[in-house]
Amino acid sequence: MSAVSNLRSEDQFLCPICLDVFTDPVSTPCGHNFCKTCISQHWDLNQSCQCPMCNETFYTRPQLRVNTFISEIVAQFRREAQQKASSSSLEQQAAKPEVPCDICTGTRLKALKSCLVCQTSYCQTHLEPHLTVKRLKTHQLIDAVENLEGRMCTKHDKPLDLFCKTDQICVCMLCPVLDHKNHEFVSLTEESEGKKAELGKTDAEIQQMIQTRRLKIQEIKESVKMTKDAGDRQIAEGIQVFTALMESLERRLKELIKEIEDKQEATEKQAEGLIKDLEQEISELMERSSEVKTLSRSEDHLHLLQSFSSLKAAPPTKDWTEVRVRSPSYEGTVLRAVAQLEQTIRNLMEKKVFEAELKRVQQYAVDVTLDPDTAHPNLILSDDGKQVYHSDVTKNLQKNPERFSKCVCVLGEQSFSSGRFYFEVQVKAGTEWDLGVARESINRKGKITASPQNGFWTVRLRNGNEYSACASPLVPLCLHPGPEKVGVFVDYEKGLVSFYDVGAAALIYSFTGRSFTHKLHPYFSPNPNFGGKNSAPLIICPVNQT
């Protein structure tokens, strides 16, 4: 225990809220310690139960019990602190200047008592007459103090032993008769007790103000921490965005340079080909010129005449009059590259906007389970109520007015008639499905046409790649590639139903301007399995913040 004691410091026993030594210390589930009153008041002042230290949120208010181990250590710490304070007080008293006896001559001894009548302080020896002489026994003795004159009435030279409530001053016994006629008087003791009570009330108010300000300090610290955390997130996102922009800029610059260099290379190859052909013809012409010169110098008349016809004929050369090197056009190359970069930036910013929007709606995630009482007889539900797929086997179930009889659909058990809610469903590997929300009062018997007019707000997939929103008429959706996980968000008061591609953090479609007046249920239809081609289940997934 001594080793532990040596390691103890005051900071270990301070409540993070009131910044004072723990009173009834309790521990939260996340492992942090607070005064029971402090954390209770903190939660009372806030809408959510959140740890002030790590910001962990408790959706159910924890039942807090005093931590006996910490309480015992704090108690021992208090005792040690009190002992130190007591020792310090004794040292201060020892250091306090002594009041000397007024009667002693030579070396003056320490006075024990002061007489308010005699206005004199006495040591043990010189106090003896006041303890034995009858006349002196009536004098008022107090612990030895300096400045006895300040305890005497300046007008009547009598001890100040009454309090005039009218004038709010201390007076002697003669003052009520001579100077304070018809005033209200009380003893100094009574008035002192009253003032002590007022001081106690004032101190309680001060302590309350201190507590309020300590809570405000904690609130400000939390605000600063939240601001810093938000700033750090924004910095991280900024770095990510600008890194992507710089990478895109470098990539576009490389593409621009390559495009220009490719054009230059093509021009150079064309020129090289023409030059090669021209040099070949020059070589042939130079050879013919040499033959012509040789023949012209010949003295063999017969040979000259016989060879003249073949040499005079024009050589098989190309007409180069209209031949030109095709200069590539660079006009608009840079502008096109900049336009592509701008489009990339727009796409990136749109993605960031949708990511932020998806994060916002994911805060309203709810736990959704499938309602077996509404499921079509050919639907198979998992035991946990999170998965559904179609089976060729029709279950023999009791008739139920809530059950879908013809369309292979199922509703969520949970219903919503206000506020906002969000859930996510895995749809990958499915070739056909319908997903969204439906009014509780929808028709569940016979053929169903999903549309807002009939109480359905859904999107669907057909033939593996044909996506559409089930409005009137259907709204085709261009989704390539298609989503693997779909998020569904509803704002009841705004009449809004939105669908998100969770993986791409992109908005798929929104129904807006609706006026909801009935309860809404999550709606699921895996559609027939078509001989195993559409056997993948729809799976309700836990929501992870993207």
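Residues numbered from 1 in each chain as written. Predicted model: local features only at pLDDT ≥ 70, side-chain atom pairs only at ≥ 80, totals over all residues. Heavy atoms only, no water.

Caption draft 1: Here's a closer look at a nonpolar patch on the surface. On the surface, L174, V177 and L178 cluster together into a nonpolar patch covering about 260 Å² of accessible area. Relative to the helices and strands, L178 resides in helix α6 (residues 175-178). (Patch = residues over 30% accessible without salt bridge, like charges linked within 9 Å, V, L, I, M, F, W, Y side chains within 5 Å. Areas by Shrake-Rupley, 256 points an atom, 1.4 Å probe, with all protein chains shown as cover. Salt bridge = Lys/Arg side-chain N within 4 Å of Asp/Glu carboxyl O. Helix = DSSP H or I, 4+ residues; strand = E, 2+ residues; numbered from the N terminus.)

Caption draft 2: Region of interest: the packing of aromatic side chains. The tally for this structure, following the rule as stated, stands at twelve aromatic pairs. Between F13 and F77 the ring centres are 4.7 Å apart and the planes differ by 40°, which places this aromatic pair in the tilted class. You can see F13 sitting in the loop between α1 (2-7) and β1 (25-27) and its partner F77 sitting in helix α3 (residues 68-95), a full 64 residues away along the chain. Both residues of the pair, F13 and F77, count as buried. Their ring planes at 45° and their centres at 5.4 Å tell us that Y492 and F516 sit as a pair that is tilted. (Phe/Tyr/Trp six-rings, centres within 6.5 Å; stacked < 30°, edge-to-face > 60°. Buried < 20%, exposed > 50% of the residue type's maximum accessible area, 1.4 Å probe, protein only.)

Caption draft 3: Region of interest: the sheet that holds strand β5 (residues 113-115). As summarised here, the arrangement of the three strands in space is β6-β5-β7, forming an open sheet in which the pairing is antiparallel. Two strands in the sheet have a free side with no partner beyond their single neighbour: β6 (120-122) and β7 (141-143). Neighbour-to-neighbour, the strand axes of this sheet turn through a mean angle of 35°, independent of strand direction. As paired strands, β5 and β7 are joined by three bridges and run antiparallel to one another. In the sheet register, S114 faces β7, and the bridge partner there is I142. On the sheet, helix α4 (residues 124-132) packs against β5, β6 and β7 and is oriented at approximately 110° with respect to β6. (Pairing = 2+ DSSP bridges. Axes fitted to C-alpha atoms, helices over the stretch in contact; angles between N-to-C directions. Contact = heavy atoms within 4.5 Å.)

Caption draft 4: Quick look at the pairing of strand β19 (residues 485-491). The buried fraction of β19 is high, at six of seven residues. Sheet topology note: the strand β14 (residues 420-426)/β19 ladder contains seven bridges and is antiparallel. Residue F421 lies in a different strand from β19, and its bridge partner there is V490. Relative to strand β20 (residues 496-501), β19 is paired through six bridges, and the arrangement is antiparallel. Looking across to β20, one finds that V490 is bridged to V497. Remark: four residues form the turn of the hairpin made by β19 and β20, two consecutive strands paired antiparallel; G495 in that turn has positive phi of roughly 65°.

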